[in-house]
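Structural description and commentary
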Amino acid sequence: MAESEEGLKSLLMNVKEESKKVGLKLNIQKTKIMASSSITSWQIDGETVPDFIWGGSKITADGDCSHEIKRRLLLERKATTNVNSIFKSRDITLPTKVRLVKAMVFPVVMYGCEYWTVNRLSAEEL
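Everything numeric here is computed off the predicted structure, so don't read it as measured data.

**What to know about the overall build of the protein**
When helices and strands are tallied, the protein shows six helices and four strands. Written out in order from the N terminus, the α and β elements of the protein read α-β-β-β-β-α-α-α-α-α. Long-range contacts, defined as pairs at least 24 residues apart, comprise 46% of the intrachain contacts of the protein with a sequence gap of at least 6. Of the accessible surface of the protein, which amounts to about 9,500 Å², a share of 56% is contributed by carbon and sulfur atoms.

Take a look at the structure:
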């Protein structure tokens, strides 16, 4: 993360040099840059993007994660539907069903949650 154009240039050059030491080549023209404010005056090669995917979650410049939380809740419904026949079975005990939910449904919802910025409305949805 950088707070100025000079800081970003320095950071990119450091990454490029360290990458070169281990045999990797960084193409700065293909580098995507996301900023929380306008950077139209910056003279840095690279594409400016409004959002990107990091750790399986969509990160936006404004920090809004409500769309990501809604997407995860939809995936949770799909995962629940996939194991619905197991939940309805009378042959499986309740503790086993609880363990299945913890193992198969909760991870679908919570994947990438460490990147979320949760507000009160989003917390209520969860």
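**A few points about helix α2 (residues 66-82)**
With 17 residues, α2 extends 25 Å from end C-alpha to end C-alpha; this agrees with the ideal 24 Å at 1.5 Å per step. Among all positions of α2, only Ser66, Glu68, Ile69, Arg72, Leu73 and Ala79 are buried. For α2, the buried positions fall inside an angular range of 155° around the axis, keeping them on one side. Facing away from the buried side of α2 by over 90 degrees, the exposed positions are Leu74, Arg77, Lys78, Thr81 and Asn82.

**Some points on the pairing of strand β4 (residues 57-60)**
The pairing of strand β3 (residues 51-54) with β4 spans four bridges and is antiparallel. By the bridge assignment for β4, aspartate 51 is matched with threonine 60. Between the antiparallel neighbours β3 and β4 lie two residues, among them glycine 55 with a positive phi of about 60°.

**Some thoughts on helix α1 (residues 5-21)**
For an α-helix, the turn length of 3.6 residues means that residues three or four places apart are oriented alike. Between its terminal C-alpha atoms α1 stretches 25 Å, which fits the 24 Å expected from 17 residues at 1.5 Å a residue. For α1, the complete set of buried residues consists of Glu5, Leu8, Leu12 and Ser19. For α1, the buried positions fall inside an angular range of 65° around the axis, keeping them on one side. The exposed residues of α1 that point more than 90 degrees off its buried face are Glu6 and Lys21. The inward-facing, buried residues of α1 contact β1 (32-33). In the segment just after α1, glycine 23 is the residue with positive phi, at about 90°.

**Section: the confidence of the model for the protein**
Averaged over the protein, the pLDDT score is 78; the fraction of residues at 70 or greater is 79%. The least confident element of the protein is helix α6 (residues 120-125), whose mean pLDDT is 65; the most confident is helix α4 (residues 94-104), at 88.

**Things to note about the pattern of salt bridges**
A complete count under the given rule lists one salt bridge for this structure. Note that lysine 21 is salt-bridged to glutamate 18, the shortest N-O span being 3.1 Å. Of this pair, lysine 21 and glutamate 18 are both found in helix α1, three residues apart, which corresponds to roughly one turn of the helix. Given a relative accessible area of 47%, glutamate 18 falls into the partly exposed group.

Scoring rules and cut-offs
- Sequence positions are assigned chain by chain, starting from 1 and proceeding in written order.
- Given that the model is predicted, a residue must reach a pLDDT of at least 70 before its local features are reported, and side-chain atom pairs must reach 80 or more before they are shown or counted; all residues, however, enter totals for whole chains, interfaces and linings.
- With hydrogens and water excluded, all non-hydrogen atoms of the structure serve as input to the side-chain values.
- Helix numbers and strand numbers start at the N terminus; a helix is a DSSP run of H or I with at least 4 residues, a strand a run of E with at least 2.
- Any two residues having at least one pair of non-hydrogen atoms within 4.5 Å are treated as being in contact.
- Residue burial considers only the protein chains on display, and all accessible areas are found by Shrake-Rupley using a 1.4 Å probe.
- In this analysis, the expected span of each helix is defined as 1.5 Å times one less than the number of residues it contains.
- Under the scheme applied here, a residue whose accessible area is under 20% of the maximum for its type counts as buried, over 50% as exposed, and between as partly exposed, the area being computed with a 1.4 Å probe on protein chains only.
- The arc in question is the one spanned by the directions pointing from the helix axis to the C-beta atoms.
- Here, any two strands with at least 2 DSSP bridges between them count as paired.
- Predictor confidence is given residue by residue as pLDDT, running from a minimum of 0 to a maximum of 100.
- When a carboxyl oxygen of Asp or Glu lies within 4 Å of a side-chain nitrogen of Lys or Arg, that pair is called a salt bridge.

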